[in-house]
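Secondary and tertiary structure notes
Residue strings, one per chain:
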Amino acid sequence: SVGGSTSNSGTLTASNATLHDLSNTAGTATLTDSTANTLANAANATLNVVRGQIAGTTTNNGTFTAQNATLHDVSNTGGTATLTSTTAGVLTNADGATLSMSGGSASSATNAGTMSLSGGNTVSGDVTNTAGQLTLDGATVGGTLAAQGGNFTVGSNAATANSLSGSGNGTLEGTLSLTDAADTYSGVLSGAGSLNINGGTETLSGANTYTGVTTVA
């Protein structure tokens, strides 16, 4: 157990450890089956979390990976964050940053860079795209898919959301299903995929060009 802050600029390996705050300023830090309060990973640094639990915010500006971990909020301010079969709180991905989450779950997600949610991933709240590129491929959104800017793509493995709002354009490669629609979407949906409205009322006011089936249950 380490009671104070830990700073790494070389190589740090911790297994079954209890840390307070970790600042990874350079080099590589790997935490396995460990717990910590907050994590900060600088540009050009690499931070890996395998299983274990992070109670506070993880801030990344370098290369960050989490596998089968339990995280609180993740702020990806730069660089690349890859989450696999991981539970997280609020996900925030900045302009110029890349965040991908395969499997696992999060409470909400906001993207201004490049974000991919796939592999049976579940977001219990809203997913908001303010800019950049958002891809949903086998993902479930418990709240609203808010396409406020940028572009979004529904991959061949489909996606489900409560409702769709905003004016950002979308590409349907697979099927987008809305389970409790209650919004107006003014962007343009294109592609060969389909749109299912399984509940509620969705208003599409844009000049949509997608060629798949539209189903209203």
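The preceding data block contains the structure.
Residues numbered from 1 in each chain as written. Predicted model: local features only at pLDDT ≥ 70, side-chain atom pairs only at ≥ 80, totals over all residues. Heavy atoms only, no water.

1. A closer look at the nonpolar core
Residues Leu71, Leu91 and Phe152 are the most contacted members of the largest nonpolar core, which totals 47 residues. In terms of residues, this core owes the most to one element, strand β21 (residues 139-147), which gives four residues. (Core = buried A, V, L, I, M, F, W, Y, C linked by side-chain atoms within 4.5 Å. Buried < 20%, exposed > 50% of the residue type's maximum accessible area, 1.4 Å probe, protein only. Helix = DSSP H or I, 4+ residues; strand = E, 2+ residues; numbered from the N terminus.)

2. Thoughts on the side chain of asparagine 129
Position of asparagine 129 among the secondary structure elements: in strand β19 (residues 127-129). Aside from chain neighbours lying at most four places away, what touches asparagine 129 is Asn111, Leu134, Ala146, Ala147, Gln148, Gly149, Gly150 and Asn151. (Contact = heavy atoms within 4.5 Å.)

3. What to know about the packing of aromatic side chains
Within this structure, the stated rule accounts for one aromatic pair. For the pair phenylalanine 152 and tyrosine 185, a centre-to-centre distance of 6.3 Å together with 70 degrees between the ring planes defines the contact as edge-to-face. Highlighted residues: phenylalanine 152 in strand β22 (residues 151-154) and tyrosine 185 in strand β26 (residues 184-185), separated in sequence by 33 residues. Phenylalanine 152 sits in the buried class, given a relative accessible area of 1%. Given a relative accessible area of 0%, tyrosine 185 falls into the buried group. (Phe/Tyr/Trp six-rings, centres within 6.5 Å; stacked < 30°, edge-to-face > 60°.)

4. Some details on the environment of leucine 19
Within the element layout of this structure, leucine 19 appears in the loop between β2 (11-15) and β3 (22-24). Along the primary structure leucine 19 and serine 163 are separated by 144 residues, whereas in three dimensions their C-alpha atoms are 41 Å apart.

5. Focus on the pattern of salt bridges
Applying the stated criterion across every chain yields a total of one salt bridge. As a salt-bridge pair, arginine 51 and aspartate 33 come within 2.6 Å of each other at their nearest N and O atoms. In this pair, arginine 51 is assigned in the loop between β7 (46-50) and β8 (53-54) and aspartate 33 in the loop between β4 (28-32) and β5 (35-36), connecting sequence segments 18 residues apart. Its relative accessible area of 37% is what places arginine 51 among the partly exposed residues. Residue aspartate 33 is classed as partly exposed on the basis of its relative accessible area of 32%. (Salt bridge = Lys/Arg side-chain N within 4 Å of Asp/Glu carboxyl O.)

6. Quick word on the pairing of strand β16 (residues 108-111)
Across four bridges, strand β13 (residues 90-93) lies against β16 in parallel orientation. Within β16, the residue paired with threonine 92 across the bridge is threonine 110. Judged from the three bridges that link them, β16 and β19 form a sheet pairing that is parallel. When the sheet's bridge partners are listed, alanine 109 is paired in β19 with valine 127. (Pairing = 2+ DSSP bridges.)

7. A look at the environment of glycine 200
Position of glycine 200 relative to the elements: it lies in the loop between β28 (195-197) and β29 (203-204). Each C-alpha atom of the pair glycine 200 and threonine 179 lies 7.1 Å from the other, and the pair is 21 residues apart in sequence. Apart from residues lying up to four places away in sequence, glycine 200 is in contact with Asp180 and Ala181.

8. A word on the sheet that holds strand β10 (residues 63-67)
The sheet built from eleven strands is open, its strands ordered β2-β4-β7-β10-β12-β14-β17-β20-β22-β24-β27 with parallel pairing. Taken across any chain shown, the strands that pair with only one partner, and hence form the sheet edges, are β2 and β27 (189-190). Across four bridges, the pairing between β22 and strand β24 (residues 169-172) is parallel. Counted as the bridge partner of asparagine 151 is asparagine 169 from β24.

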